[in-house]
Amino acid sequence: YADTMRVPASKGLSLMKAKAQGGDIRMIYSAADCLDIARANPDRNVVFFAIGFETTTPATAVVLKQAKAEGLKNFFVFCNHVLTPPAMHHILKNQEKVQIEGFVGPAHVSTIIGSEPYETFAKDYSKPVVIAGFEPLDMLQSILMLIRQINRGEAEVENEFTRAVRPEGNMKAIRMMEEVFALRDSFEWRGLGSVPKSALKLSDAYSDFDAEKHFNLVYRSVPDNKACECGAILRGEKQPSDCRAFGTVCTPESPIGSCMVSSEGACAAYFTYGRHKR
Ligand code: SF4
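Every chain is numbered on its own, with residues counted from 1 as its sequence reads. Where totals are concerned, whole chains, interfaces and linings use all residues; where local detail is concerned, this predicted model gives features only for residues with pLDDT of at least 70, and gives and counts side-chain atom pairs only at 80 or more. The basis for the side-chain values is all heavy atoms of the structure; hydrogens and waters are excluded.

Let us look at the state of the cysteines. Cysteine sulfur atoms that pair up within 2.5 Å are treated as a disulfide. Tallying each qualifying case throughout the model produces one disulfide. Between cysteine 230 and cysteine 259 runs a disulfide, and the two sulfur atoms are separated by 2.3 Å. Taken as a pair, cysteine 230 in helix 11 (residues 230–234) and cysteine 259 in the loop between helix 11 and helix 12 (266–274) lie far apart in primary sequence, 29 residues in all. Burial status follows relative accessibility: with a 1.4 Å probe on protein chains alone, a residue under 20% of its type maximum counts as buried, one over 50% as exposed, and anything between as partly exposed. By relative accessible area, cysteine 230 is classed as buried at 3%. Not engaged in a disulfide, the cysteine cysteine 34 finds its nearest cysteine sulfur in cysteine 79; these two sulfurs lie 13 Å apart. Only DSSP runs of H or I covering at least 4 residues are called helices, and only runs of E covering at least 2 are called strands; the numbering of each starts at the N terminus.

Encoded structure:
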């Protein structure tokens, strides 16, 4: 997907730079595009770099089921799908002094997993969660709901995005994900380090499509740039503008940390909307 192309990788490379150096790396809008490329090039191996939260995971499950049904032999998935609730647990568990007072729950992720997985954050950590839709009024309403809870000293899961999010989530998508994927013991997140049970790999039933197995890929950790404060920002301890690289050497055009890559990342959003506030 587009955001992945600019993610800083090892040796100063990114997929964009590797493409500029001659690699056949194509940006796609849908996982199904990748399947089309594999069908059109039966003599070449096609690897889908599957990445994203629970929002994009069902689409990867669909193409894997399709590839299996068609018996494709040249289509592989490099699975980097991650899970939202374990990352929230990790952030709350690993802070001496948790500065996060509440969560605005993600819209698209919650349409898949539902509102129930957030109950633990209200009950066990006393942190209110308000699941927000994507429109500006959704956001304003959700922030108001969250502030009201905090001011009243309450901690509950509220769903502002009721037109799309059900408590149990999308059961069809969840069942499909359970069939196609299995939980990894741990996974290294940029900015957060190793987070237990926070990501997915292909299940045994789909191992023929597993790029890690087929190409014997060995995991290599790529340390964050030393100047990058993404971890502290994700934990709510620092603001993007506290980072020395913000808006100077690190910009959306030339990100050096993960929070600046996607337009939804904290640093990129702050760069676009918040940097002139002071
Ligand atoms: S501005 Fe760039 S380097 Fe600084 S924390 Fe954000 S992503 Fe990391």
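Further remarks concern the environment of glycine 12. Considering the arrangement of structural elements, one finds glycine 12 in the loop between helix 1 (2–5) and helix 2 (15–20). Along the chain, glycine 12 and leucine 137 lie 125 residues apart, while their C-alpha atoms are 40 Å from each other.

Moving on to the environment of serine 194. Relative to the assigned elements, serine 194 resides in strand 8 (residues 193–196). Sequence spacing of serine 194 and proline 136 is 58 residues, and the spatial spacing of their C-alpha atoms is 34 Å. Whether two residues are in contact is decided by their heavy atoms: any pair within 4.5 Å suffices. The contact partners of serine 194, leaving out residues within four places of it in the chain, are His90, Ser186, Phe187 and Glu188. Distance and chemistry together define a polar contact, namely a pair of N or O atoms within 3.5 Å, with one atom able to donate a hydrogen and the other to accept it when in protein, and with adjacent residues in sequence counting only for side-chain atoms on both sides. Within the local environment of serine 194, its side chain forms a polar contact with the side chain of serine 186, the two groups lying 3.4 Å apart.

Looking now at the nonpolar core. The term nonpolar core refers to a set of buried residues drawn from Ala, Val, Leu, Ile, Met, Phe, Trp, Tyr and Cys, joined through side-chain atoms within 4.5 Å. Counting 52 residues, the largest nonpolar core has Phe48, Leu64, Phe75, Val77, Tyr118, Phe181 and Leu202 as its most contacted members. For each domain, the first and last residues come from an automatic or database assignment. Each of domain 1 (2–82 + 170–214) and domain 2 (85–159) contributes no fewer than three residues to this core. Discounting residues that sit within four places of it in the chain, phenylalanine 75 has contacts with Cys34, Leu35, Ala38, Val46, Phe48, Val63, Ala67 and Phe209. Counting residues in hydrophobic clusters, the runner-up holds 13 residues, among them Cys228, Phe246, Met260 and Phe271.

What follows is about the pairing of strand 7 (residues 186–189). Residues of strand 7 alternate between two faces, with Phe187 and Trp189 buried on one and Ser186 and Glu188 left unburied on the opposite face. Remark: three residues form the turn of the hairpin made by strand 7 and strand 8, two consecutive strands paired antiparallel; glycine 191 in that turn has positive phi of roughly 90°. Criterion used throughout: strands pair if DSSP finds at least two bridges between them.

So, on to the domain arrangement of the chain. Examined at the domain level, the chain breaks down into domain 1 (2–82 + 170–214), domain 2 (85–159) and domain 3 (230–274). Contacts between the two partners involve five residues from domain 2, matched on the other side by five residues from domain 3. We define buried area as the total accessible area lost by two parts upon association, computed with a 1.4 Å probe and summed across both. Taken together, both faces of the contact between domain 2 and domain 3 bury some 410 Å²; the carbon and sulfur share is 54%. Just to be clear on terms, a salt bridge is a Lys or Arg side-chain nitrogen sitting within 4 Å of an Asp or Glu carboxyl oxygen. Linking domain 2 with domain 3 are zero salt bridges, by the criterion used here. At the boundary of domain 2 and domain 3, one finds zero residue pairs in polar contact (both at pLDDT 80 or more). Polarity classes work like this: nonpolar for Ala, Val, Leu, Ile, Met, Phe, Trp, Tyr, Cys and Pro, charged for Asp, Glu, Lys and Arg, and polar for all others, with Gly in that last group. For the side of domain 2 that touches domain 3, the residue count by class is three nonpolar, two polar and no charged.

The parallel open sheet is built from three strands, whose spatial order is 3-4-5. Whereas interior strands pair on both sides, the edge strands pair on one side only; in this sheet they are strand 3 (103–105) and strand 5 (157–159). The mean angle between the axes of side-by-side strands here comes to 20°, regardless of whether they run parallel or antiparallel. In terms of strand pairing, strand 3 meets strand 4 (residues 129–131) through three bridges, oriented parallel. Residue pairing for strand 4: valine 104 is matched across the bridge by valine 130. In the packing of helix 8 (residues 136–152) onto the sheet, contacts are made with strand 3, strand 4 and strand 5, and the angle to strand 4 comes to roughly 165°. Orientation is described by lines fitted to C-alpha atoms, with helices fitted over the stretch in contact, and by angles between N-to-C directions that extend from 0 to 180 degrees.

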